[in-house]
Amino acid sequence: MLLQNALKGIQSLLNSGEMKLMQPDQLGSLLAVLKKCMFHGLPGVNIDMPAVLYPTLLPQYDSRSLVKQETSEVCSLKPLVQNRRKKSKGKQKGKQEKEPKEDEDCREGSEKPKLSGDSQQKPGPDVWRLSLDETWAVPVKDHLPVHTLGWKRISSSDSEYSDAECGMQSKTRSFQATVRQGALSCFLSTVKSIEKKVLYGYWPAFVPDTPGIGSPQSLSLMTIALKDPSPKTRACALQVLSAILEGSKQFLSIAEDANDHRRAFTPFSVAIASSIRELHRCLLLALVAESSSQTLTQIIKCLANLISNAPYSRLKPGLLTRVWNQIKPYIRHKDVNVRVSSLTLLGAIVSAQAPLPEVQLLLHQLTPSGLGDSGSSTPHFSGVPERQGKAPGGPPLSMEKAPAELCWLIRLCISLVVLPREDCYSDSDTGSVSNATILEPSPVRLESLQVLALLVKGYFSVSQSYLLELGEVACRCMEEMDPSIQLHGAKLLDELGMGIIEQHKPDSPVALDQRVPVALVVTFWTRMLNGPLPGALQNSQHPMLQTSTCNALSSILPEAFSGLPADKQILCITVLLGLNHSENPLVKAAAARALGVYVVFPCLRQDVMFVADTANVILTSLSDGSPNVRAKAAWSLGNLTDTLIINMELLGQSFQDEFSDLLLLKMLRAAIEASKDKNKGSDITAVNMWS
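In this text the structure is predicted, and so the values were computed from the model without any measurement. (Residues numbered from 1 in each chain as written. Predicted model: local features only at pLDDT ≥ 70, side-chain atom pairs only at ≥ 80, totals over all residues. Heavy atoms only, no water.)

Novice: Is there a simple way to explain the overall build of the protein in this structure?
Specialist: Within the protein, the regular secondary structure consists of 34 helices and 4 strands. In the protein, once contacts between residues fewer than 6 apart in sequence are set aside, the share between residues at least 24 apart is 71%. Put simply, the protein shows about 33400 Å² of open surface, and 55% of that area lies on carbon and sulfur atoms. (Helix = DSSP H or I, 4+ residues; strand = E, 2+ residues; numbered from the N terminus. Contact = heavy atoms within 4.5 Å. Areas by Shrake-Rupley, 256 points an atom, 1.4 Å probe, with all protein chains shown as cover.)

Following this line, the structure appears as structure tokens:
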């Protein structure tokens, strides 16, 4: 109890900011104590720590010694002589799997039950807790829960000790687990209270690295995540590791092992790459061994943080493929939090230094192995039945129009967003009563929309075949009552428009015959403008939705805008001019930027009335009180200046006669005033005006 309260006191001081770890000795002393307490009472592990941990590249002070296995009189029927043990080492190698377990059981005062039938031939879940030195091969876990063989499952009648002794041992283990949890919570507060550059000096002391030949595995946070019998303690360790990985992109960016190094020393970049690979291996081991949904969620979140920060373009391919194949079954997990975190992990994969050739190959996998429904901790791999049907409130949504080269992830996310649920999951599903029986829970749908947006942004060449289907998904989302679903639908529409524009740029590496045809783009935007997009633009009750739809409207391809019906062109221009008078600065800034995009369209820049109206609106926005609005207006003023220069070169005197000299003078004065503003872009505007 004293140790627990001491850790709570340190954590309170850290959270309140009263404990300032300014000196290296202070931080090193605290970390040494916390690492010692993190392994307090962990079965099979004993650690000797120095008084101070110093920042170093290699774990010099990390020593590990397994608990000595002593043979007690209760367990041994025949005492062994020490000299005889030395002579029969070769014979005892075959008995190592039996004797240590018996000794450990006798120390704990209980015996582990034996498996019967086929389960004796299969590796039990506890094997995963001890297999830190195994290879990448990860077989399917045994059907028994992870802790079936643990001491908590043993009744007192099977033990050689009395009920009172077993009760004392149970309390002791409980207190030790509480100490480990307190140390991890205190370590988490320490991680949040110090700078990242200081924290990463202690990276080898807490993050695993690939052990050398014949060397034992170093003790790290992953040791707790793999071996601790308490699910809560494992979750705490993973939470700390996730906090360490968060924001580590700059530190991990130096990792590189794409080329085999043959040097007398190990470069620092190779050492960091080795640590990243070991993290992948250990986290995947923990993934297949875990039975607690809460801890499973933390494992997946930790993987997502690692993938978001690791430089996979500088590493040997294969890491993401293993994660990709292992995470697929958990998308159908019974717990909604596991399903959401699994989608988050897939989103991290498709957004990691996109586009990666390895991920591109994964997206083109035709058979999504392992997407079967599962309520177990480790779902078995099975094929996925196609989810086709009629989405609520809309026509049937079918994948029959999809191309021959299907992307299973896009099909999965579309089905999760708009199609009815296949079955019921756990009680942790959230959502209204009316929607919970029809569609997936709102968090699952939101995460699916985010994955779709990231897919479109990073791998538009894969997503362009589903352009109309994805546009239909965005429309249905904007028609719903949930503001979050509406907002993510508008963001998906924006990413689709930006992907089309990037593909049609003159310097785009995409061949002309592989680009989205302009006629198809015209059809796409015509459907959007005939749908809920105009209503979302004028929905003043949701300014964020208006902002996102303004951004989406500004992502129309110029060649496609000229092909839109005249009434749709007028609709876009009228709505944007009106939104420039909005009271919300975010909406006003987005509308000013959209007009700055439209004013350079070839089909609009020769329209003198439109150019004049845009100039007046931009001049008004330049005097707005919001710095964001002024910055967007200054950028649009630069585009407007480019349009005036082009028109004067192409149309000559006729354009000068039609355009107001007074308005041109106002623009010149506004540019001079904007150059005095501290906002970015003002100097560029002034230069454009004077060029």
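Novice: Got a minute to help me understand the pattern of salt bridges in this structure?
Specialist: One side chain can pair with another of opposite charge once the charged atoms of both are near each other. Following the criterion strictly, the structure yields 11 salt bridges and no others. With a shortest N-O distance of 2.7 Å, E290 and R234 are connected by a salt bridge. Separated by 56 residues along the polypeptide, E290 in the loop between helix 13 (268–289) and helix 14 (293–309) and R234 in helix 11 (residues 231–245) bring together distant segments of the chain. (Salt bridge = Lys/Arg side-chain N within 4 Å of Asp/Glu carboxyl O.)

Novice: Help me understand helix 31 (residues 627–650), please; the structure alone is not making it clear to me.
Specialist: Note on helix geometry: an α-helix contains 3.6 residues per turn, so any two residues three or four positions apart are oriented the same way. Compared with an ideal rise of 1.5 Å per residue, which puts 24 residues at 34 Å, helix 31 spans 35 Å between its outermost C-alpha atoms and is within 8% of the ideal. Following helix 31 by one or two positions, G652 adopts a phi angle in the positive range, close to 70 degrees. (Expected span 1.5 Å × (residues − 1).)

Novice: Can you help me understand the nonpolar core in this one?
Specialist: In a soluble, globular protein the nonpolar side chains are often hidden away together inside. In this structure, F187, M222, Y312, L363, L409 and Y598 are the most contacted members of the largest nonpolar core, which totals 181 residues. With residues up to four places along the chain from it excluded, the contact list for M222 reads P208, L238, L241, L279, C282, L283 and A286. (Core = buried A, V, L, I, M, F, W, Y, C linked by side-chain atoms within 4.5 Å. Buried < 20%, exposed > 50% of the residue type's maximum accessible area, 1.4 Å probe, protein only.)

Novice: Help me understand unusual backbone geometry in this model?
Specialist: Trans peptide bonds make up most of the peptide bonds, and negative phi angles are found at most residues other than glycine. Cis rather than trans, the peptide bond between A354 and P355 has omega equal to -5 degrees. The residue P355 is located in the loop between helix 16 (336–351) and helix 17 (357–363) in this model. Within the chain, Q353 stands out as a residue other than glycine whose phi angle is a positive 45 degrees. Note that Q353 resides in the loop between helix 16 and helix 17.

Novice: In this structure, what is going on with the packing of helix 18 (residues 408–418) against helix 22 (residues 467–478)? I would like to understand it.
Specialist: When two helices pack together, their arrangement is given by the angle between the helix axes and by the axis-to-axis distance. Where helix 18 meets helix 22, the axes come as close as 11 Å, and the angle between the chain directions of the two elements is 25 degrees. Classed by the angle they form, the pair helix 18 and helix 22 counts as roughly parallel. Pair helix 18 / helix 22 crosses with left-handed handedness. Where helix 18 abuts helix 22, its residues I410, I414, V417 and V418 lie against E469, L470, V473, R476 and C477. Looking at the contact of helix 18 with helix 22 residue by residue, the class counts come to 7 nonpolar, no polar and 2 charged. (Axes fitted to C-alpha atoms, helices over the stretch in contact; angles between N-to-C directions. Parallel < 35°, antiparallel > 145°, perpendicular 65-115°, else oblique. Left-handed = near helix turned anticlockwise from the far one by under 90°. Nonpolar A, V, L, I, M, F, W, Y, C, P; charged D, E, K, R; others polar.)

Novice: Got a minute to help me understand helix 14 in this structure?
Specialist: Taking 1.5 Å per residue, 17 residues should reach 24 Å; helix 14 reaches 25 Å between its end C-alpha atoms and fits that length. For helix 14, a buried count of 14 out of 17 residues is recorded, marking the element as mostly surrounded by other parts of the structure.

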